[in-house]
Every structure is written in structure tokens, then in C-alpha cells.
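Topology and contacts: notes
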Amino acid sequence: IWLTSIRPLSLAGHVGFDSLPDQLVNKSICQGFCFNILCIGETGIGKSTLMDTLFNTNFENFESSHFEPQVKLRAQTYDLQESNVRLRLTVVNTVGFGDQMNKQESYQPVVDYIDRQFESYLQEELKIKRSLHNYHDSRVHACLYFISPSGHSLKSLDLVTMKKLDSKVNIIPVIAKADTISKSELHKFKIKIMSELVSNGVQIYQFPLDDETVAKVNTTMNGHLPFAVVGSTEEVSVGNKMVKARQYPWGVVQVENESHCDFVKLREMLICVNMEDLREQTHTRHYELYRRCKLEEMGFKDTGPECKPVSLQQTYEAKRQEFLVELQKREDEMRQMFVQRVKEKESELKEAERELQSRFEQLKRLHADEKSALEEKKRLLDDDQSSFGKRRAAAQLLQAQSLTANGKKDKDRKK
Amino acid sequence: MITAAHANNPNPYIQGTDLFGYVGIEAVLDQMRRKTIKAGLEFNIMVVGQSGLGKSTLVNTLFKSKVSRKSCTPNYEEKISKTVKLHSVSHVIEEKGVKMKLTVIDTPGFGDQINNDNCWDPIVKHINEQYEKYLREEININRKRRIPDSRVHCCIYFLPATGHRLRPIDVEFMKRLGKIVSIVPVIAKADTLTIEERHEFKERIREDLTVNGIDVYPQREYDEDPEERVLNDRIRESLPFAVVGTDKEHQVNGNKVLGRKTKWGIIEVENVAHCEFANLRDLLIRSHLQDLKDVTHDVHYETYRVRRLNESNVDFSDLSRSARPLENGCADKCESDSHL
């Protein structure tokens, strides 16, 4: 094969491949899109309400109790449609986050969930017969981290959790229930949060600046992070319109009013401008990192010990040999254990047999003793009997003699 | 308000919900469009046929520029080569902001020898080599962000306009290659056939294709929904396209058209009453470009991958099992036995 160097050519007329993006878009419209959001935040901080407000609908929600023993995650999938775009949205909420007394392990279920989704994608990708284009992508594309509006700084739980997640998912921090903070406090709060994130090395999601069409708006938005949001599905009439708002005795906080809160900015950034980029980053950065780590952990490398490229096949063959050897070892071990057990059982049985034998002997001896004792008695009895018999015989003889003597005497007298 | 889309969904947890107002989900279409334009695309097309059938001219006409090897090689000679060689030429063309890296793979020498046994071997080898290259990149630990795609997306097979039927070489080639790449057969130099001859020729070719079990693009089994089936059925009924290619322009009724001038008239290439070039162009570029790439990636590449992984016994799903400690020695042993 010989190739010429790639050079740009000019076209003499309309060819028509500029319709390719449209072809691609049409295909995606037929297939539908997938988007998965993970919401992390304390119980009652407004995660479900914000999701309802963002997607302008009423997801099935129920209040969670504050007494969960461990952090759990609840995922719900919905099919939404706007004009001709079908979106399969999965919303994953943490349940019981921040409620436990000991929060050291709180981040673990979240990390496990994210890893599980990566793992099942990796498994599908590594299968021989796979169907990736039909695969329901459940990997988390965006993680909204809800910060409590304390007005001071981040909690250590927040920092620890975000640090654990920043290399696994696109984190977008939001300040929840922002209507409890005044504007000036909010400004200071945001600065404090961002500086804490930077000083702790937490990498949050930055809106991409490489596409000129959106670079400008993304740069501005990057400067407004974290977004201070207020969520509400109730409508209040303001002026002559019905708007989504929260009504207080002292006023009405309008959700979609940009001077009241950053909700509109969040919606813009999350959905209208960067949804595709979030999905792309998840696939090309976070998933690839997971895949690389997982495969390296299993012992696969791209280059061998002399830095020569090792094909996956060779490594796999080596691994397989290892595996078989280990299997063999296990088998031997089990066999040995079995033999050992048999020996033990045998000796146990022998021991029991011996014991039984000795008991038998003992009994036998006992019997023999008794028997001889009885025989002795019998002999004595016999002796007694025989001596008695002799005495009787002697007595009888004496009696008979005396009788005959008496008879003779009588006879003599009569004459 | 939750609509009852349950009935259509086999999954119990997925519900359809109504949106109460504007959310902005449809903006994702624009985002996708922008990203595609920015990333650009790669398209690899292979032309196969005997010399003199007008392959280079047709490709030049399709892409309205001098993309074929003939036009690019400095010392091009019309020599018939002794073996089938493959020549690949790449260009970057741009239209309305969309950049395309087009690679045209030419196969000089195909079908030109006296003994054409196994003349498809170098071609099959080349196609499989591209799949292999992609597979190697894909299974790397450290993967590139975008794997360079040199796989052949479409193979245009040129049938000479004999007017009779498919020849043995045509049948053999299409049978073998139809399994690994999307073939689009075309009748070359179709200006030698009248319309009736053309119809009969096409019918006979379609018959031959069915009889020999040859599946050409668009394949029936990959139609995803009834709409697509209707569309593709219409295309299948008019296959193979009878094409004429040229890069010369002539004046017809005051317009400049691409055409071949002969003593008995001007054959307008882009006129659908004259030849089916426009249909071919629309199929390949304007409507099914993405689909060709998708079928190559989702079907042909996957088939290759399955075969390749099976024959070297590299079962990746075993990878994870070997990393976890054996809980039940006997069960795993049984599994590994069946694997061996």
C-alpha cells in the first residue's frame, strides 16, 4: 500500500457530505439519548425538588427518613420527550447522606455505584459477542453536589467526598436553598468555596472552552461557579404571569429570575450547552481512566519488561497459564486437605475401636472374676453339702446300730 | 403527571413523563452537530473492477474533484499490472465547515489477468488488515482519544455493461466480500445500454444475486425500523445503479451540465432520466454516509472481532474472573474445563 501525503482539495461543486452531521443527528434522534445525573446531598437539601424544576416535570419522589443506617443510592429512569428528541434520563439520589453519626464511610457507596456502572460497560466492551450500540449506558455523566448554605465554608464531609469523586465523574457543585443567603454573603461564600476546592486539589467540571461558539458563554459561567440554586415546582403569580417561585411573607423568590438565583444558568449549562460534552468527557476521560486502571490491576500492560510492545494476547496467554497453575495448586491443596481429613478420621475411628476393645476386655475380666467367685461359692456349697451328707449318713448308721442293740437286749430278757 | 408509557415498555421501572414547559433537551442536537463538525469525519471507499470500466472517473465525479489515483500520481501510466495491487490515496475535502478525510482505495489488476483465480485475496487481506489495526488500537490499555479509522466503509464493484448476467468472477468476488464489507454494485459505462436493456440486465443481476445468496448494501437484516425498511426496499429495487461518469462540462439548454458529448446527443450525468449517477451519489453521500460507517463499525467490524477473538481463544470475559479469588474451586474448574 502506498499513500500520498494528505492534501486539501477544493471541490468543483456541491457534493453533499455536509449533510453528515444531520445524518448523524437523525440517527441519534431515532435511537434516543441517554443522560444520567447523580445528586449527592444531605437529606432534605432539595435534590428531588431541583430535579423536578430542572426537567419541568414531576418525578415520583418520596421523602426519605433521617434514620438510614448507611448511605444508599436510589436510581430511577424516566423517558422524556421534547419535540422530537427522546431522552432516557436516570436520576440517582443519595439516601441518608450526612445523617449518620460516623460519616467516614459515607462516600463509599457512591464511589461503588459509579464504579459498578463503569464495570458493567467495561464487561460489555470486553465481551466477544457484544452489542455496544444497543447498550443502555448507565454511566454517570454529571454529578451535582449539593452544598449546604451555611454561608461559611465547605464541610469536611463535602471535601472528602468530592476529592474521592473528582477523578471518576464530572462534578458540578451547587449551593442549595440559596434563598437563605443574602447576596453579599453569597458572593463571599462562593469565593470561599472555590478557593477551598482549589487548595484541596479538587477537580470540578470546567465548562469547555475549545468550541468558539460556546467558549464565551462557558467562560462567563465558569466564573459563576458554584451555582446558587433554588428549586420549586409551585407556581405563584407575579405581575400577570405564573412563574415558578417560592412564596414567603416577605416576598417571592422567583426560580427563573436570574437576579434571584442561578437556576437558569444551571439549566443552560447542564442541558442546553454542555450535555453532549458531559457525556463525551465521561466516556473519553473518566471511563478510560477506570478502564486503564482496571486492566493494569489485572496485570495487563501495553509494553513488556524490555519495553517491547506486548500484545494483549500474549499477556492474556501468560495470565491464563498463571490462572491454570493456580487452579492446579488449589486442586492439589484440596486434595491434600482431603487426604489429611481422611487420615484424621481414620485415626479417630481407630482410637474409638481401641477404646471399645479395652472396655470389652475389661468386662470380660469382670465376668471371669465373678464367674470364679461364683464357682468358689459353689464349691464351698458342695463341700458343705457333702459333709452334711456324710454326717447324716453317720448319724443314721448310729441310729440303726443303737436300734439293733436295743432289739437284742429285749430278746435276751424275754428268755 | 406521569403518562402510562408502561404498556410499551417491558422494563417496569421506566416511566414516561410529561414535561410541563421548556427544558432545553433539544439543544443537545445542536451540541452534537457542532461536535461532529469540529471533529471531522473519515470515509474510506474502495473501487473494484477491471481496467477501463471508468472507476477513477466515477470517483472523481462523485466527489467533484480529482481524488482518484490517476489524477494524483505524477507519472501515471496506463499499464496493466501483473498482480492485484492496492493503492490508497487520501485527501481532505471541506464543505460548509464539514471536513472529510476521504481515502480512495484502488485495485488495479483486478480481473485483468488471464487466470483470475483468487484475485480477490489481496483485497480481502487489505480489508482484514484494517480491521486488525483498529482492533489492536481498541484493545490497548492506553487508548487514543480517537482511533484512526482506516476500515473500508464501502466497496463499489463495477460490473461491465454486458447486458447478460453476472460473470463467475463477479459472483465469486461478491460472495466472499459481501460478508466482510458493504458492497455497492454499479453497472459501469451504462450509456451503452438502452433503458429496456438496462431494466432486463438489472433484473437478471438481482436474480443472480439472490440465487447466489449475495447480500449487497443496504442489507435487509440491518433495517432498524419499518420506515427504514421502506426506504431501503426502494433502493434495493433499483440496484445496481447504472452509472456514467465524467468530469467534462457542456452547455445544455443554457445550463452547464456534466455530461458526455457524443454525436447522437449529450448524456447528462446528473439527469436521472439518463443515468442513475445522482441516485448513487445520494445514496452514498447525502443519505447513507453515516449508515455505511455504522454498518461497518457495528456489523462487519464486530463480526471480524468475534472471529478473531475466538480463534486466538482470547476470552476477555474471563479476565475479570481470574482476578477475583476463587470462592468455589470446583465450580471454577468446571468452567475452565469447558473453556479449554
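Given the structure is predicted, the values throughout are model-derived calculations rather than measurements. Counting restarts for each chain: residues are numbered from 1 in the order of the written sequence. Written order decides the labels, with chains lettered from A and ligands numbered from 1. Where local features are concerned, this predicted model is filtered to residues with pLDDT of at least 70; where side-chain atom pairs are given and counted, the filter is 80 or more; whole-chain, interface and lining totals use all residues. Side-chain descriptors were evaluated using all non-hydrogen atoms of the structure, hydrogens and water having been removed beforehand.

1. Section: the overall build of chain B
Secondary structure elements follow DSSP: runs of H or I no shorter than four residues count as helices, runs of E no shorter than two count as strands, and numbering proceeds from the N terminus. A count of helices and strands for chain B gives 11 helices and 11 strands. We call two residues in contact whenever any of their non-hydrogen atoms come within 4.5 Å of each other. Pairs at least 24 residues apart make up 65% of the contacts formed inside chain B by residues separated by at least 6 positions. Counting every atom, chain B has about 16,300 Å² of accessible surface; 51% of that belongs to carbon and sulfur. Shrake-Rupley sampling with a 1.4 Å probe provides the accessible areas, and residues are treated as covered by the protein chains on show and by no other component.

2. Focus on the overall build of chain A
Along its length, chain A carries 9 helices and 11 strands. Based on C-alpha atoms, the radius of gyration is set beside the globule rule, defined as 2.2 Å times the residue count to the power 0.38. Scaling as 2.2 N^0.38, a compact globule of 415 residues should have a C-alpha radius of gyration of about 22 Å, whereas chain A reaches 48 Å, well beyond that. A buried classification covers 42% of the 415 residues belonging to chain A. Within chain A, counting contacts between residues at least 6 apart in sequence, those at least 24 apart form 66% of the total. Here chain A has roughly 24,400 Å² of accessible surface; of this, 53% comes from carbon and sulfur atoms. Buried means the residue's accessible area, taken with a 1.4 Å probe over protein chains only, is under 20% of the maximum for its type, while exposed means over 50%, and partly exposed covers the values in between.

3. Focus on the UniProt feature "coiled-coil region" (unreviewed entry) in chain A
UniProt positions are given in the numbering used here, feature names are shortened, and annotations may be inferred rather than shown by experiment. Residues annotated by UniProt as "coiled-coil region" (unreviewed entry) correspond here to residues 335-383 of chain A. Annotated as residues 335-383 of chain A, this span is 100% helix and 0% strand, and its ends, taken at the C-alpha atoms, are 71 Å apart.

4. Focus on the nonpolar core
Among the nonpolar cores identified, the biggest contains 92 residues, and Phe-55, Leu-144 and Leu-270 of chain A are the most heavily contacted of them. Remark: nonpolar core denotes a set of buried residues (Ala, Val, Leu, Ile, Met, Phe, Trp, Tyr, Cys) joined through side-chain atoms within 4.5 Å. Judged by nonpolar contacts, the second largest core, of 82 residues, contains Ile-45, Leu-53, Trp-120 and Tyr-131 of chain B.

5. Description of the sheet that holds strand E11 (residues 251-254) of chain A
Residues and elements named next belong to chain A. Following DSSP output, two strands are said to pair if at least two bridges run between them. Taken in spatial order, the 3 strands make up an open sheet running E9-E10-E11, and their pairing is antiparallel. Edge strands, defined here as strands with exactly one partner in the open sheet, are strand E9 (235-238) and E11. Between one strand axis and the next, the sheet turns through 65° on average, direction left out of account. Bridging between E9 and strand E10 (residues 241-248) involves 4 bridges; their strand directions are antiparallel. What sits directly across from Glu-235, in E10, is Lys-244. Here the axes come from fitting lines to C-alpha atoms, over the contacting stretch only for helices, and the angles between their N-to-C directions go from 0 to 180 degrees.

6. Overview of the packing of aromatic side chains
Residues and elements named next belong to chain A. The rule is short: rings of Phe, Tyr and Trp, with Trp giving its six-membered ring, pair when the centres are within 6.5 Å, and they are stacked under 30 degrees, edge-to-face over 60, tilted in between. Under the criterion given, the structure shown has 14 aromatic pairs over all chains. Ring geometry for Phe-118 against Tyr-287: centres 6.1 Å apart, planes inclined by 50°, an arrangement best described as tilted. Residue Phe-118 is found in helix H3 (residues 108-126), and its partner Tyr-287 is found in helix H8 (residues 275-297); the two are separated by 169 residues along the sequence. The pair Phe-118 / Tyr-287 is uniform in exposure class, with both members buried. When the ring of Phe-118 is compared with that of Tyr-290, the centres are 5.4 Å apart and the planes differ by 35°; the resulting orientation is tilted. Of this pair, Phe-118 sits in helix H3 while Tyr-290 sits in helix H8, placing them 172 residues apart in sequence.

7. Side note on the confidence of the model for chain B
A low pLDDT means the predicted coordinates there should not be read in detail. Residue and element names in this part refer to chain B. Each residue carries a pLDDT score, the predictor's own confidence in it, on a scale running from 0 to 100. On average, residues of chain B score 77 in pLDDT, and 81% of them reach the 70 mark or higher. Confidence over residues 314-340 falls short of pLDDT 50; this stretch has 38 contacts with residues more than four positions distant or in other chains. On the interface metric, ipTM, the complex scores 0.73, and its pTM is 0.73.

8. Quick word on the sheet that holds strand E10 (residues 255-262) of chain B
Residue and element names in this part refer to chain B. The 3 strands lie next to each other as E9-E10-E11, forming an open sheet whose pairing is antiparallel. Each edge of the sheet is formed by a strand with only one pairing partner; in this case those strands are strand E9 (249-252) and strand E11 (265-268). Going across the sheet, the axis of each strand differs from the next one's by a mean of 65°, ignoring polarity. Relative to E10, E9 runs antiparallel, the two being bridged by 4 bridges. Residue pairing for E10: Glu-249 is matched across the bridge by Leu-258.

9. Observations concerning the pattern of salt bridges
All names here are of chain B. The term salt bridge refers to a side-chain nitrogen of Lys or Arg lying within 4 Å of a carboxyl oxygen of Asp or Glu. This structure, assessed with the given rule, holds 51 salt bridges over all chains. One salt bridge in this structure joins Asp-149 and Arg-151, with 2.8 Å as the shortest N-O distance. Under the relative-accessibility criterion, Asp-149 is labelled buried at 12%. For Arg-151, a relative accessible area of 3% gives the class buried. Glu-276 serves as the salt-bridge partner of Lys-202, at 2.7 Å between the closest nitrogen and oxygen. In this pair, Lys-202 is assigned in helix H6 (residues 195-211) and Glu-276 in the loop between E11 and helix H8 (277-287), connecting sequence segments 74 residues apart.

10. Examining the confidence of the model for chain A
Per-residue confidence for chain A averages 84 on the pLDDT scale, and 93% of its residues sit at or above 70. Within the model, the stretch residues 304-310 of chain A combines pLDDT values under 50 with 9 contacts to residues more than four positions away or in other chains.

11. Remarks on helix H2 (residues 47-54) of chain A
In an α-helix, one full turn covers 3.6 residues, which means residues spaced three or four apart are oriented alike. Residue and element names in this part refer to chain A. When you tally the buried positions in H2, you get 6 out of 8 residues, the bulk of the element. Every buried residue of H2 is listed here: Lys-47, Leu-50, Met-51, Asp-52, Thr-53 and Leu-54. Elements that come into contact with the buried residues of H2 comprise strand E3 (33-40), strand E5 (85-95), strand E6 (142-147), E10 and helix H7 (263-273).

12. What to know about the pairing of E11 of chain B
All names here are of chain B. Sheet analysis places E10 next to E11, joined by 4 bridges and oriented antiparallel. Each bridged residue has a counterpart across the sheet, and for Gly-259 the counterpart in E11 is Glu-268. Once E10 ends, the chain turns through 2 residues before running back antiparallel as E11.

13. Things to note about the pairing of E5 of chain A
Residue and element names in this part refer to chain A. Counting buried residues along E5, 9 of its 11 residues qualify, which places the element largely inside the surrounding structure. Looking at chain direction, E3 and E5 are connected through 7 bridges and run parallel. What sits directly across from Asn-36, in E5, is Thr-90. With 11 bridges joining them, strand E4 (residues 72-82) and E5 adopt antiparallel strand pairing. If you follow Gln-81 over to E5, its bridge partner there is Arg-86. A loop of 2 residues connects E4 with E5, the two strands running antiparallel in sequence, and Ser-83 in this loop sits at a positive phi of about 45°.

14. So, a nonpolar patch on the surface
A cluster of nonpolar side chains, Phe-338, Val-339 and Val-342 of chain A, forms an exposed patch at the surface whose accessible area comes to about 270 Å². Structurally, Val-342 of chain A is set in helix H9 (residues 312-414). Grouping into patches uses exposed residues only, defined as over 30% relative accessible area, and leaves out salt-bridged ones; the cut-off is 9 Å for like charges and 5 Å for nonpolar side chains (Val, Leu, Ile, Met, Phe, Trp, Tyr).

15. Focus: the environment of Arg-413 of chain A
Residue and element names in this part refer to chain A. Relative to the helices and strands, Arg-413 resides in helix H9. Arg-413 gets classed as exposed once you look at its relative accessible area, which sits at 65%. Taking the C-alpha atoms as reference points, Arg-413 and Leu-266, separated by 147 residues in sequence, lie 165 Å from one another.

16. Observations regarding the state of the cysteines
Note on terminology: a disulfide is the covalent bond linking the sulfur atoms of two cysteines. A pair of sulfur atoms, both from cysteines and within 2.5 Å, is called a disulfide here. Counted under the stated rule, the structure contains 0 disulfides over all chains. In this structure Cys-39 of chain A is a free cysteine whose sulfur lies 7.9 Å from that of Cys-143 of chain A, the closest cysteine sulfur available. Free of any disulfide, Cys-155 of chain B has its nearest cysteine sulfur in Cys-154 of chain B, 7.0 Å distant.

17. Things to note about unusual backbone geometry
Omega for the peptide link from Leu-225 of chain A to Pro-226 of chain A comes to -10°, which places this bond in the cis form. Assignment of secondary structure puts Pro-226 of chain A in the loop between helix H6 (212-222) and strand E8 (227-228). Cis geometry is adopted by the peptide bond preceding Pro-240 of chain B, which originates at Leu-239 of chain B and carries an omega value of -15°. Looking at the secondary structure, you find Pro-240 of chain B in the loop between helix H7 (226-237) and strand E8 (241-242). The residue Lys-177 of chain A is not glycine, and still its phi comes out positive at about 45°. Among the secondary structure elements, Lys-177 of chain A is positioned in the loop between strand E7 (171-175) and helix H5 (183-199).

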